[in-house]
Amino acid sequence: MNEVLFFIAGPLAVIAALGVVVLRNPFYAVLSLVAHLLSLAALFLLLYAPFVAVVQVMVYVGAVMVLYVFVNAYVGGATDATGGPAPTLRWLSYAIGIGVLATVVVATLGSSLKAIDSDGAKIGADFGSPGQIGELLLTRFLLPFEAASFLLLVAAVGAVVLARRRRGVLPGEDRMIAALDLLAPTGTGSMREGVGAVNPVPGALSAHITPSTGAGSPPASGTRGDIDGEDD
Amino acid sequence: MAIGWYLAVSAIVFAIGAAGVITRRNPLLVLVCLELMLNAGNLALISFARMHGSQEGQVFALVVMVVAAAEVAVGLGIVVALYRNRVAVDVDELRELQG
């Protein structure tokens, strides 16, 4: 049974990986990656890593691939236009790929690890279960766990900073009103009010910036554009 | 199934991903091929965890997944920023990092 499943999932993983590299249409390449990840999850199950397999399906196939498809649709999904680099460089890159394959195969299969031809060590019934992995994550690997969560936070902030609009307000956007602005009375201290986007208090911002001028001209609706356009 | 079979699949997928990173020109597809390489590494980690009968390799595979998710978030943010700034979405044309 293990052999049957392996020889279904393993070649499928390799073929789907080839599809990712070969297919011209980026959308099909991303879908091929989905097939590859699903067959890899099957291989993880065969290796008694059920929790990692479930995380693979949920995080990769569920979340990351949706992000890829979304960005693909946003950018436009044009096919890889000019068909690759010049022929000499293309053959050079294939040669590099084959060289990497040879190196990795020699490094793993050619190593004198005795257990590499065996089915693996004896393991308990709950090997790789969520309980076991969670216990490891919260006891022995607590520091890597926290570092990983911090890395995710930094990546989320970085993605927002990178992908935001940098050219101020679009024409006509000043007139957009959120539904909450109609419900909430003025002076309730919302965040948009704090930056002067909604009903700027006359003289509030200018009084903060230049107190000597006293009640200057009220900062009109341009403040939002300044805040959005301020970068670098 | 011997562990060597899984390692062979991992090595093949890693080499395919490396060739894809070199040949692809769309930055989105370069990221996709990077995912291939990361997943090949994950498969090798989990095979070795099975070989030794210890779960540390599986924990490390989870950490690799976190790193891959972070890389995807930042990388796709860069792709979107490139598209917003009307730069040609082609890694051969991207020679400067100036915003």
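The preceding data block contains the structure.
Cut-offs applied
Residues numbered from 1 in each chain as written. Chains lettered and ligands numbered in written order. Predicted model: local features only at pLDDT ≥ 70, side-chain atom pairs only at ≥ 80, totals over all residues. Heavy atoms only, no water. Contact = heavy atoms within 4.5 Å. Buried area = accessible area lost by both parts, 1.4 Å probe. Salt bridge = Lys/Arg side-chain N within 4 Å of Asp/Glu carboxyl O. Polar contact = N/O pair within 3.5 Å; in protein donor to acceptor, adjacent residues only side chain to side chain. Helix = DSSP H or I, 4+ residues; strand = E, 2+ residues; numbered from the N terminus. Expected span 1.5 Å × (residues − 1). Buried < 20%, exposed > 50% of the residue type's maximum accessible area, 1.4 Å probe, protein only. Lys, Arg positive; Asp, Glu negative; His and termini not counted. Phe/Tyr/Trp six-rings, centres within 6.5 Å; stacked < 30°, edge-to-face > 60°.

(A) Representation of the interface of chain A and chain B within the structure. Of the residues lining the interface, 81 residues belong to chain A; the matching set on chain B comes to 67 residues. It is A:Leu47, A:Tyr60 and A:Tyr68 that lose the most area in chain A upon contact with chain B, and together they represent 10% of the buried surface on that side. There are one salt bridge connecting chain A and chain B. With its nearest N and O atoms 2.3 Å apart, the salt bridge here joins B:Glu56 to A:Arg140. Our enumeration of links across chain A and chain B arrives at nine residue pairs in polar contact (both at pLDDT 80 or more).

(B) Focus on helix H1 (residues 2–22) of chain A. For H1(A), spanning 21 residues, the distance from its first C-alpha to its last is 30 Å, which sits close to the expected 30 Å at 1.5 Å a residue. By the burial criterion, the buried members of H1(A) are A:Phe6, A:Ala9, A:Gly10, A:Ala13, A:Val14, A:Ala16, A:Ala17, A:Gly19, A:Val20 and A:Val21. Residues of H1(A) that are buried in the fold lie against helix H2 (26–46) of chain A together with helix H1 (3–23) and helix H2 (27–52) of chain B.

(C) Representation of the environment of A:Val14. Topologically, A:Val14 is positioned in helix H1. Between the C-alpha atoms of A:Val14 and A:His36, which are 22 residues apart in sequence, the distance is 7.5 Å.

(D) Representation of the side chain of B:Glu35 in the model. Mapping B:Glu35 onto the fold places it in helix H2. B:Arg24 provides the closest opposite charge to the buried, unpaired B:Glu35, separated from it by 14 Å. If sequence neighbours within four positions are ignored, B:Glu35 has contacts with A:Leu33, A:Tyr60, A:Tyr68, B:Ala68, B:Glu71 and B:Val72.

(E) Structural view of the packing of aromatic side chains. A full pass over the atoms with the stated rule returns eight aromatic pairs over all chains. For the pair A:Phe6 and B:Trp5, a centre-to-centre distance of 6.2 Å together with 70° between the ring planes defines the contact as edge-to-face. Of this pair, A:Phe6 sits in helix H1 while B:Trp5 sits in helix H1, each in a different chain. The class for A:Phe6 is buried, based on a relative accessible area of 2%. Judged by relative accessible area, which is 44%, B:Trp5 ranks as partly exposed.

(F) Looking closely at the side chain of A:Gln56. With respect to the helices and strands, A:Gln56 occurs in helix H3 (residues 50–75). For A:Gln56, a relative accessible area of 0% translates into the label buried. From its side chain, A:Gln56 meets the backbone oxygen of A:Leu37 in a polar contact 3.5 Å long. Non-local contacts of A:Gln56, meaning those with residues more than four positions away in its chain, are made with A:Leu37, A:Leu40, A:Ala41, A:Phe44, A:Val61, B:Asn39 and B:Met65.

The values reported here are purely geometric and, on their own, carry no functional implication.
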